[in-house]
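# Descriptive structure summary
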Amino acid sequence: MGGSLRVAVLGAPGVGKTAIIRQFLFGDYPERHRPTDEPRLYRPAVLLDGAVYDLSIRDGDVAGPSQSPGGVEEWPDPKDWSLQDTDAFVLVYDICSPDSFDYVKALRQRIAETRPAGAPEAPILVVGNKRDRQRLRFGPRRALAALVRRGWRCGYLECSAKYNWHVLRLFRELLRCALVRARPAHPALRLQGALHPARCSLM
């Protein structure tokens, strides 16, 4: 048994969080967008290089800001998120929506500010979804990737939940980051390519 990892998938409404999760777990894509009314928790088991990891994947918008009557952004108490003990974060934005990228920027900052003192740093992977709408994107990929990786010190990847492009890679990258930080001497991670597609699969 490899252990367990708690993952939160966050982002503005409509960016494709649930679609990404459903492609990863079930290999399907909902053609109609249905807003996630309340947080959902998925508990898949992943086989990685011979070891089984139990994942808890939280899907929801509960960590986002709301507008007060005076127009000031107000964030929920982080204790209400049930995210302070999260091992890794996936922050999703729509590559055609600059507002959704700003939302992710605010989320990343909020996560950093509310992390309990002494708690290990949780890896954050910023994901640009809807790559199938490449011609409508609001900014060049290289510039956004450089900002996220160098300025925010987070991982960056783009995917298309609709066509299941880079969805598996997304979760492989996240697992790699989380396991390296949690178990720096883990033998499965010493070799280059330990997270080859053939070695990472759902059970």
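The sections below set out a description of the structure shown in this document.

Basis of the calculations
Residues numbered from 1 in each chain as written. Predicted model: local features only at pLDDT ≥ 70, side-chain atom pairs only at ≥ 80, totals over all residues. Heavy atoms only, no water. Salt bridge = Lys/Arg side-chain N within 4 Å of Asp/Glu carboxyl O. Helix = DSSP H or I, 4+ residues; strand = E, 2+ residues; numbered from the N terminus. Buried < 20%, exposed > 50% of the residue type's maximum accessible area, 1.4 Å probe, protein only. Axes fitted to C-alpha atoms, helices over the stretch in contact; angles between N-to-C directions. Parallel < 35°, antiparallel > 145°, perpendicular 65-115°, else oblique. Contact = heavy atoms within 4.5 Å. Nonpolar A, V, L, I, M, F, W, Y, C, P; charged D, E, K, R; others polar. Phe/Tyr/Trp six-rings, centres within 6.5 Å; stacked < 30°, edge-to-face > 60°. Pairing = 2+ DSSP bridges. Right-handed = clockwise from strand over helix to strand, strands pointing away. Polar contact = N/O pair within 3.5 Å; in protein donor to acceptor, adjacent residues only side chain to side chain.

Our focus in this paragraph is the pattern of salt bridges. The full count for this structure, using the stated rule, is six salt bridges. For aspartate 94, the salt bridge identified is with lysine 130, shortest N-O distance 3.3 Å. Here aspartate 94 is found in strand β7 (residues 88-94), whereas its partner lysine 130 is found in the loop between β8 (124-129) and α4 (141-152), with 36 residues between them in sequence. Aspartate 94 sits in the buried class, given a relative accessible area of 8%. Of the charged contacts in the structure, one is a salt bridge between glutamate 113 and arginine 110, with a shortest N-O distance of 3.9 Å. In this pair, glutamate 113 and arginine 110 both sit in helix α3 (residues 98-114), three residues apart, roughly one turn of the helix. Among the charged side chains, a salt-bridge network with shared partners connects Arg131, Arg137 and Glu158.

What follows deals with the packing of α3 against α4. Packing of α3 against α4 leaves a shortest axis separation of 13 Å and a crossing angle of 10°. Considering their axes alone, α3 and α4 lie roughly parallel with respect to each other. On α4, the residues touching Phe101, Val104, Lys105 and Arg108 of α3 are Leu144, Leu147, Val148 and Trp152. A class-by-class count of the residues in the contact of α3 with α4 yields six nonpolar, no polar and two charged.

Tallied over the entire structure, the rule returns six aromatic pairs. Aromatic side chains phenylalanine 24 and phenylalanine 171 sit 3.9 Å apart centroid to centroid with 15° between the ring planes, which places their arrangement in the stacked category. Here phenylalanine 171 lies in helix α5 (residues 167-182) and phenylalanine 24 lies in helix α1 (residues 17-26), a separation of 147 residues in the sequence. Like phenylalanine 171, phenylalanine 24 is buried.

Two faces belong to every sheet, and in a regular strand the side chains alternate between them. With seven of seven residues buried, β7 lies mostly within the body of the structure. Side chains Ala88, Val90, Val92 and Asp94 project from β7 onto one buried face, and the interleaved Phe89, Leu91 and Tyr93 project onto a second face that is buried too. Inspection of the sheet shows strand β1 (residues 3-11) paired to β7 by five bridges, in the parallel sense. Paired with valine 7 across the bridge in β7 is alanine 88. Two strands pair when backbone bridges link them, and β7 and β8 are joined in this way by six bridges, in the parallel orientation. Bridge assignment links phenylalanine 89 to a residue of β8, and that residue is isoleucine 124. The handedness of the β7 to β8 crossover, carried by α3, is right-handed.

For threonine 114, the location among the structural elements is in helix α3. For threonine 114, a relative accessible area of 15% puts it in the buried group. Within polar-contact distance, the side chain of threonine 114 engages the backbone oxygen of arginine 110 at 2.8 Å.

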